[in-house]
Amino acid sequence: MAARRQYWLLKSEPTVFAFADLWAAPRRESPWDGVRNYQARNFLRAMRVGDLAFFYHSNAAPACIAGVVEIVREAYADPTQFDPGHDQFDPRSKPAEPSWSAVDIRAVEPLTRSVSLEELRGAPELASFPLLQRGSRLSVLPVRGTEWRAILALGRRKVEP
DNA sequence: GCCAACGTTGGC
DNA sequence: GCCAACGTTGGC
């Protein structure tokens, strides 16, 4: 079966780590670590090198999609789970059987225009987009091809509608 | 800062 | 296995 690129969305609070921070990092790369939710972790583990993801700014004014990133390293044991000095330290996780995973990402493209939540809500193609559902809190989400293209079209548009 | 929604924990 | 309490998320 041919490998097929999948699409994702990753949430980050820009005051902690913004798309611009990733863009400014060496080789525009960074680990994506610290995920401590099983469903989100399972999505991380399903990612393949070459998959693309939107970089979403949560807890921002306005919350928005700021850019596109690529998965450059598939899931590996998240080192922060074993670091007692780290906020995300998990004393129950055993090195022989790590509970949590990280991937590495690389910034690919800043969107010409950030796409705000309000705009996302206005797009008919995104009616069932998980991010827009009530109470959605997952920090890692799958994105369908139709949704991906609709959002890209909004983000690449140069002129206000 | 508020608060609704959600995931996790732990007593039973 | 149930479920109340708690901590966290995240839009506003």
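Residues numbered from 1 in each chain as written. Chains lettered and ligands numbered in written order. Predicted model: local features only at pLDDT ≥ 70, side-chain atom pairs only at ≥ 80, totals over all residues. Heavy atoms only, no water.

A.B. asks: Could you give me a rundown of the protein's contact with DNA strand C, with the residues and numbers involved?
C.D. replies: In the neighbourhood of DNA strand C, the contacting residues comprise Lys11, Tyr56, Ser58, Asn59, Ala63, Leu117, Arg121, Ser136 and Arg137. For DNA strand C, the backbone makes up 68% of the atoms found within 4 Å of the protein, where backbone means sugar plus phosphate. The contact in question runs from a phosphate oxygen of DNA strand C to an N or O atom on the side chain of Lys11, over 2.8 Å. Arg137 is positioned with one of its side-chain polar atoms (N or O) 2.5 Å from a base oxygen of DNA strand C. Of the residues assigned to the surface near DNA strand C, the class counts are three nonpolar, three polar and three charged. (Near = heavy atom within 4 Å. Polar contact = N/O pair within 3.5 Å; in protein donor to acceptor, adjacent residues only side chain to side chain. Nonpolar A, V, L, I, M, F, W, Y, C, P; charged D, E, K, R; others polar.)

A.B. asks: Just give me the short version of the layout of surface pockets, but keep the residues and values in it.
C.D. replies: Considering only enclosed or pocket space, the largest pocket measures out at about 680 Å³ in volume. Taken together, 19 residues line the largest pocket, and the ones lying closest to its centre are Lys11, Trp32, Asp33, Gly34 and Val35. When contributions to the lining of the largest pocket are tallied by element, the ones reaching two or more residues are strand E1 (7–12) and strand E2 (29–32). If one sorts the elements of the lining of the largest pocket by residue count, E2 sits on top with three residues. Class assignment for the residues of the lining of the largest pocket results in six nonpolar, eight polar and five charged. (1 Å grid on protein atoms, 1.4 Å probe; cavity = no way out; pocket = protein on both sides within 12 Å on 5 of 7 lines; lining within 4 Å. Points joined across faces, edges and corners; volume = space filled by probe spheres on them. Helix = DSSP H or I, 4+ residues; strand = E, 2+ residues; numbered from the N terminus.)

A.B. asks: Let's hear about helix H2 (residues 38–46): which residues, and what values?
C.D. replies: Among the residues making up H2, those that are buried are Ala40, Arg41, Phe43 and Leu44. Summarising the axial view, the buried residues of H2 lie within an arc of 160°, below the 170-degree limit, and thus occupy one face. In the core, the buried residues of H2 are packed alongside E1, E2, strand E4 (64–77), strand E5 (101–116) and strand E6 (140–143). The opening residue of H2 is Asn37, an N-cap whose side-chain oxygen sits 3.0 Å from the backbone nitrogen of Gln39. (Buried < 20%, exposed > 50% of the residue type's maximum accessible area, 1.4 Å probe, protein only. Arc of directions from axis to C-beta. Contact = heavy atoms within 4.5 Å.)

A.B. asks: Which residues make up the protein's contact with DNA strand B, and what are the values?
C.D. replies: Around DNA strand B lies a shell formed by Asn37, Tyr38, Arg92, Arg134, Gly135 and Arg137. Arg92 places a polar side-chain atom, nitrogen or oxygen, 2.5 Å from a phosphate oxygen of DNA strand B. In this structure, a base oxygen belonging to DNA strand B sits 2.7 Å away from a side-chain N or O atom of Arg137. Across the surface near DNA strand B, the residue classes break down as one nonpolar, two polar and three charged.

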